[in-house]
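What the coordinates show
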Amino acid sequence: MSEILRIENLHKSFGDLEVLKGIDLAVQAGETVVLLGSSGSGKSTMLRCLNFMETPTEGKIHLNGELIGTERGGRMRYREAELCALRARIGMVFQHFNLFPHMTVLENVMEGQVIVLGRGKPEAQDKAMAQLDRVGLAEKAAEYPARLSGGQKQRVAIARALAMDPEVMLFDEVTSALDPELVGEVLKTIRQLAEDGMTMLCVTHELGFAYHVANRVLFLHEGTILEQGEPQSILKAPATDRMSEFLEGHSLFKLPD
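Residues numbered from 1 in each chain as written. Predicted model: local features only at pLDDT ≥ 70, side-chain atom pairs only at ≥ 80, totals over all residues. Heavy atoms only, no water.

**What about the sheet that holds strand β9 (residues 168-172)?**
Just so we agree on the cut-off: DSSP calls a pair of strands paired once it identifies at least 2 bridges connecting them. Labels follow the DSSP assignment, with helices taken as runs of H or I lasting at least four residues and strands as runs of E lasting at least two, numbered in each case from the N terminus. Each axis is a line fitted through C-alpha atoms, and for a helix only the stretch in contact is used; angles between axes span 0 to 180 degrees, taken between their N-to-C directions. Whether two residues touch is decided by their heavy atoms; if any such pair falls within 4.5 Å, the residues are in contact.
One open sheet accounts for six strands, arranged β8-β9-β10-β3-β11-β12; its pairing is mixed. Strands at the two margins of the open sheet, each flanked by one partner only, are β8 (90-93) and β12 (224-229). Going from strand to strand, the sheet's axes swing by 20° on average, the running direction of each strand aside. Pairing geometry for strand β3 (residues 32-36) and strand β11 (residues 216-221), over four bridges, is parallel. Its bridge partner lying in β11, L36 is registered against F219. Against the sheet, helix α1 (residues 43-50) contacts β3, β8, β9, β10 (199-203) and β11, and its axis sits at roughly 145° relative to β10. Relative to β10, helix α6 (residues 180-195) is tilted by about 150°, and along the sheet it contacts β3, β9 and β10.

**Digging into the pairing of β12**
Residues in a regular strand point their side chains to alternate faces of the sheet. Relative to β12, β11 is paired through five bridges, and the arrangement is antiparallel. Its bridge partner lying in β12, V217 is registered against G229. The turn linking β11 back onto β12 is made up of two residues, and E222 within it adopts a positive phi angle of 50°.

**Focus on the sheet that holds strand β1 (residues 3-14)**
Ordered by their spatial adjacency, four strands build an open sheet running β2-β1-β4-β5, and the pairing between neighbours is antiparallel. Both outer strands of the open sheet, β2 (17-28) and β5 (66-67), are each paired with one neighbouring strand and no more. Both β1 and strand β4 (residues 58-63) contribute to a ladder of five bridges, which runs antiparallel. Bridging from a neighbouring strand, R6 pairs with H62 of β4. The strands that α1 touches are β1, β2 and β4; relative to β1, the one it contacts most, it runs at about 120°.

The structure is reproduced here in structure tokens:
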């Protein structure tokens, strides 16, 4: 595998609060990386910095060997046009679906393609239908979001991101707002993307998903990567007391022998 994403000394502060305290990470093409950690550990902030929904306070991000931004005076500077283009290359799906209620499912998946990528409507429609089919929702193309379940809305949001042809996908606790019986259909969709070779970083509390799907698990604590490794080792034999405590808090989770 070749390296697709590199993060060097990533810091993010909000006023006096330092949330990320020097993250270093290299992600290989086709790798699925799951981020675990307690609330406030910096997981979601890290993803938002990678998509530049939050501007890093310090550090460098490379995508496919290309440095994002320009270094001047010892600091990184970013142009908004550059970041708009980047957000198409690094897709992101959130806890809440953020679908346009006045648009059909098909129109929701077409919109970003037309506005951001400048695709013509026939091409955007073909791409949208292909991605809706990929997530198992082609038959819902003419429906409005209000007529969908939470799991279906989330899968539409995934199709919308995929229609932009991203090089990397970020998932930020995409199942946490769903009823328990709907979680499985969304995780199944993400697992299929992993099997298809999509590069993904996923913030989740679904430890079973991390164990079975991730190539690597990162455990964040107080803005740093405290542990990382293959899920079969890191989840069964954590190296730090803090991660052991975190796993004990998920008492319903049972690892296979």
